[in-house]
Amino acid sequence: KAAVKPVAQPTALPSSVAASPSKAARPSPSAATTDPLTGLALRHSPIVVIKVDNAVPARRYQKGLGQAAIVYQELVESGQTRFAAVYDNAYNGEVGPIRSVRETDLELLPQYGRVAVAFSGGNKGMKAQFRGAVASGNLLDASYDVLPQDYRLAERRVDARNFYSTPARLADSANGATPTDIGLRFGALPATAGKPASSAIIRFSDMMVVQVRYNASTGKWSVFQDGGLMSGVAPSNIIVQSVPIKRGRYVDVLGAASPYATTIGHGNALIFRDGRFVHATWKRASVKSGTHYVDDKGRDIPLKPGATWVMLQPRTRSAVVS
């Protein structure tokens, strides 16, 4: 095993990799028939982003994460994490448990356009800030407060109440933006690119560890949260995006400060696909522009068609690859 900090220099890729975003920002002509979020067949359903609980008591109740096109794992209070799951497939199954939005989301999500964001509960100040983003035209409000008829109230846990909804129902109600170019590129990875990787351990905090393992028979990755396998989750790509973390404006009910992951600017990343990993640089110019993952010559690193999980890992942490 080797500890790999995403701050390492990107690995150069052969010239067959896609051109620099500055020279070829537009997708290829074939992109007109492919989904810019997955590289698979084009989907026309409005995008819905659902905030899903990942606290330890919530994990036995998690549903629907394996159906998302893209899932972001974000640091929240007390070293825990939460998901922002992006759906563009009118999935009709339940997703949840649904929890509250964070400041990180207000910067992260407008790159998708004016998309619906589904969440429940939250700090009054944070909800007011979210409403400001809605008023500015950056996002749509698909929360329980606005669309209670689209949510199901389920089990009451010791720490929270479980809420569920379906992307299809929320998409019908909110009718937000449909998939557009957010900077991802899909295609074959040259055989000489990167290094072998059968697994990786990604630490978010002293108490939160994610492990991914490659399944050669399926060509996809299993995801483990604190050692527990996530049922039904098998993305084609894992991106460990090293981001600055700053203190947010708010605290939770226990007084713990809410961290804010910065996703505008540039930093370092690790891309895992097909049992290999490649060093990359992520670049994002503004709140409404997409995120490119490029090599040391500025060329987009292609992802494998399928779902992608993006770990917004604090840049002070490292990954252990084996």
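Structure: above.
Residues numbered from 1 in each chain as written. Predicted model: local features only at pLDDT ≥ 70, side-chain atom pairs only at ≥ 80, totals over all residues. Heavy atoms only, no water.

**Student:** Teacher, can you tell me more about empty space enclosed by the protein here?
**Tutor:** A water-sized probe, rolled over the atoms, reveals where empty space remains. Per the counting criterion, the structure on display carries 2 cavities of 30 Å³ or more. In this structure, the largest cavity encloses a volume near 90 Å³. Tyr-72, Gln-111, Thr-291, Tyr-293 and Val-310 are the residues nearest the centre of the largest cavity, which is lined by 15 residues in total. Per element, the largest residue contribution to the lining of the largest cavity is 3 residues, and it comes from strand E20 (residues 308–314). Of the residues contributing to the lining of the largest cavity, the split by class is 10 nonpolar, 5 polar and no charged. Empty space within the second largest cavity amounts to approximately 40 Å³. Contributing to the lining of the second largest cavity are Gly-183, Leu-184, Arg-185, Tyr-293, Asp-300, Ile-301 and Leu-303. Residue composition of the lining of the second largest cavity, grouped by class: 4 nonpolar, 1 polar and 2 charged. (1 Å grid on protein atoms, 1.4 Å probe; cavity = no way out; pocket = protein on both sides within 12 Å on 5 of 7 lines; lining within 4 Å. Points joined across faces, edges and corners; volume = space filled by probe spheres on them. Helix = DSSP H or I, 4+ residues; strand = E, 2+ residues; numbered from the N terminus. Nonpolar A, V, L, I, M, F, W, Y, C, P; charged D, E, K, R; others polar.)

**Student:** Could you clarify how one ought to interpret the pairing of strand E12 (residues 220–225) in this entry?
**Tutor:** Successive side chains on a regular strand alternate, one facing one side of the sheet and the next facing the other. Pairing analysis gives 6 bridges linking strand E11 (residues 209–215) to E12, with the strands arranged antiparallel. Opposite Arg-213, over in E12, you have Ser-222 as the bridge partner. Bridge count between E12 and strand E13 (residues 228–229): 2 bridges; the pairing is antiparallel. Within the sheet, the bridge partner assigned to Phe-224 lies in E13 and is Leu-229. (Pairing = 2+ DSSP bridges.)

**Student:** Sorry if this is basic, but what is going on with unusual backbone geometry here?
**Tutor:** Excluding glycine, residues mostly have negative phi values, and the peptide bonds linking residues are mostly trans. Omega for the bond connecting Gly-96 with Pro-97 falls within 30 degrees of zero, at -5°, which places this linkage in the cis form. Within the secondary structure, Pro-97 sits in the loop between strand E4 (81–87) and helix H1 (103–108). Phi at Asn-175 takes a positive value of approximately 50°, unusual for a residue other than glycine. Within the secondary structure layout, Asn-175 lies in the loop between helix H3 (167–174) and strand E9 (195–196).

**Student:** Looking at this structure, how should I read the pairing of strand E17 (residues 265–273)?
**Tutor:** Counting buried residues along E17, 7 of its 9 residues qualify, which places the element largely inside the surrounding structure. The sheet contact formed by strand E14 (residues 237–243) and E17 spans 5 bridges and is antiparallel. Paired with Val-240 across the strands is Leu-270, a residue of E17. Note: E17 against strand E18 (residues 276–284), 9 bridges, orientation antiparallel. Across the sheet, Gly-267 pairs through a bridge with Trp-282, a residue of E18. Adjacent in sequence and paired antiparallel, E17 and E18 are bridged by 2 residues, among which Asp-274 carries a positive phi angle near 55°. (Buried < 20%, exposed > 50% of the residue type's maximum accessible area, 1.4 Å probe, protein only.)

**Student:** Help me out: how do you make sense of the side chain of Ser-205 in this one?
**Tutor:** Tracing the backbone through its elements, the reader meets Ser-205 in the loop between strand E10 (199–203) and E11. Of the polar contacts made by the side chain of Ser-205, one reaches the backbone nitrogen of Met-208; its length is 3.2 Å. For Ser-205, the contacting residues outside a window of four places in its chain are Leu-75, Gly-79 and Arg-317. (Polar contact = N/O pair within 3.5 Å; in protein donor to acceptor, adjacent residues only side chain to side chain. Contact = heavy atoms within 4.5 Å.)

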